[in-house]
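For reference, the chains in residue letters:
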Amino acid sequence: NAGVTQTPKFRVLKTGQSMTLLCAQDMNHEYMYWYRQDPGMGLRLIHYSVGEGTTAKGEVPDGYNVSRLKKQNFLLGLESAAPSQTSVYFCASSYLGQLNQPQHFGDGTRLSIL
Amino acid sequence: LAKTTQPISMDSYEGQEVNITCSHNNIATNDYITWYQQFPSQGPRFIIQGYKTKVTNEVASLFIPADRKSSTLSLPRVSLSDTAVYYCLVGTGYQKVTFGTGTKLQVIP
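On a predicted model such as this, the values are computed, not experimentally measured, just so you know. (Residues numbered from 1 in each chain as written. Chains lettered and ligands numbered in written order. Predicted model: local features only at pLDDT ≥ 70, side-chain atom pairs only at ≥ 80, totals over all residues. Heavy atoms only, no water.)

Novice: What exactly am I supposed to notice about the environment of T5(A) here?
Specialist: All names here are of chain A. Relative to the assigned elements, T5 resides in strand β1 (residues 4-7). Considered as a pair, T5 and S84 are 79 residues apart in the sequence and their alpha carbons are 25 Å apart. If we skip the residues at most four places from it in the chain, T5 touches L22, C23 and A24. (Helix = DSSP H or I, 4+ residues; strand = E, 2+ residues; numbered from the N terminus. Contact = heavy atoms within 4.5 Å.)

See the structure below:
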């Protein structure tokens, strides 16, 4: 049982380039989330999805776009990467969105923008 | 949105019991209290959640007083492998809570 898988694990981009981070979960969860974590800080929610075909903005959505075309996949896109987007990105999923149920996290994608 | 306050860091020797307290004075009636653990270079991992009184699982215990304005995560007999950051979340849904900076626990041999 793989749980939540993030691809790629590491990436270096130049300013202005675009890329897509892929998150896949095999637990049939409805909710999926994208977070970023910067040094010495907690996780900040970028975007989330409450089901296939739906997306919503989180705390820090600017500069990112997301899509949830299939229930098991949640994609995070950077259209024009900026150095401020250098971070570790975590994807998570949960059966429902309530805090009394656990979120399952991937191992992260370490992204550097030069 | 309940604001939480927890210590920035704590040190403990191996084998000791560690208690990490989280303050959440404006907790709402429907809010849950949930704790996560994060090791370096890994995503957070769910530890325990509760609503009131005491909850215990194979990893930790969670103590919640009657007024629910605080909660205490208790880790029995910690080992070096318990060195991690511990986050306290309070709310109803993940899309409306913040992880904050957590408590960095350092276990000393």
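Novice: Explanation requested: the confidence of the model for chain A in the structure shown.
Specialist: Do not read the fine detail of predicted coordinates wherever pLDDT is low. Here chain A averages 95 in pLDDT, and 99% of its residues register 70 or above. Considering each helix and strand of chain A separately, the mean pLDDT is smallest for strand β5 (residues 43-49) of chain A, with a value of 95, and largest for strand β8 (residues 73-78) of chain A, with 98. (pLDDT = per-residue confidence, 0-100.)

Novice: What is the right way to look at the interface of chain A and chain B in this model?
Specialist: By convention, interface size is frequently given as the accessible area that disappears when the constituent parts associate. At the junction of the two partners, chain A supplies 24 residues and chain B supplies 23 residues. A buried area of about 1,800 Å², summed over both sides, lies between chain A and chain B, and 60% of it is on carbon and sulfur atoms. Interface area lost by chain A to chain B is led by L43(A), L99(A) and N100(A), which between them contribute 36%. At the boundary of chain A with chain B, the tally comes to zero salt bridges. Remark: the boundary between chain A and chain B carries ten residue pairs in polar contact (both at pLDDT 80 or more). Elements represented by at least two residues in the side of chain A that touches chain B include exactly β4 (31-37), β5 and β9 (87-94) of chain A. Considering each element in turn, the side of chain A that touches chain B owes the most residues, four residues, to β4(A). Residue classes in the side of chain A that touches chain B are distributed as eleven nonpolar, ten polar and three charged. (Buried area = accessible area lost by both parts, 1.4 Å probe. Salt bridge = Lys/Arg side-chain N within 4 Å of Asp/Glu carboxyl O. Polar contact = N/O pair within 3.5 Å; in protein donor to acceptor, adjacent residues only side chain to side chain. Nonpolar A, V, L, I, M, F, W, Y, C, P; charged D, E, K, R; others polar.)

Novice: What exactly am I supposed to notice about unusual backbone geometry here?
Specialist: It is generally the case that most residues other than glycine have a negative phi and that most peptide bonds are trans. Residues T7(A) and P8(A) are joined by a peptide bond in cis, for which omega reads -5 degrees. In this fold, P8(A) is placed in the loop between β1 and β2 (10-13). Non-glycine residue S41(B) carries a positive phi angle of around 65 degrees. Along the chain, S41(B) turns up in the loop between β3 (32-38) and β4 (45-50). The phi dihedral of T53(B) falls on the positive side, at around 60 degrees, and the residue is not glycine.

Novice: Any chance you could explain the side chain of S49(A) here in plain terms?
Specialist: All names here are of chain A. Residue position: S49 is located in strand β5. Residue S49 is classed as buried on the basis of its relative accessible area of 0%. Here T54 takes part through its backbone oxygen, which lies 2.6 Å from a polar atom of the side chain of S49. At a separation of 2.7 Å, a polar atom in the side chain of S49 contacts the side chain of R68. (Buried < 20%, exposed > 50% of the residue type's maximum accessible area, 1.4 Å probe, protein only.)

Novice: Explanation requested: the sheet that holds strand β2 (residues 18-23) of chain B in the structure shown.
Specialist: Paired through their backbone hydrogen bonds, the strands of a sheet run either parallel or antiparallel. All names here are of chain B. Sheet architecture is open: four strands sit in the order β2-β7-β6-β5, paired in antiparallel fashion. Each edge of the open sheet carries a strand with a single partner, namely β2 and β5 (53-56). Put simply, the sheet's adjacent strands are angled 15 degrees from each other on average, direction ignored. Both strand β6 (residues 61-64) and strand β7 (residues 70-75) contribute to a ladder of three bridges, which runs antiparallel. Bridging across to β7, S61 finds its partner in S74. (Pairing = 2+ DSSP bridges. Axes fitted to C-alpha atoms, helices over the stretch in contact; angles between N-to-C directions.)

Novice: What is the right way to read the state of the cysteines from this model?
Specialist: Disulfide: a covalent bond connecting the sulfur atoms of a pair of cysteines. Residues and elements named next belong to chain A. All told, the structure shown has two disulfides over all chains when counted by the stated rule. A disulfide bridge connects C23 with C91, and the sulfur atoms are separated by 1.9 Å. Where C23 bonds to C91 through sulfur, the torsion about that S-S bond is close to -75 degrees, and the disulfide is left-handed. Pair noted here: C23 is in strand β3 (residues 19-25) and C91 is in strand β9, with a separation of 68 residues, a long-range link. (Disulfide = S-S within 2.5 Å.)

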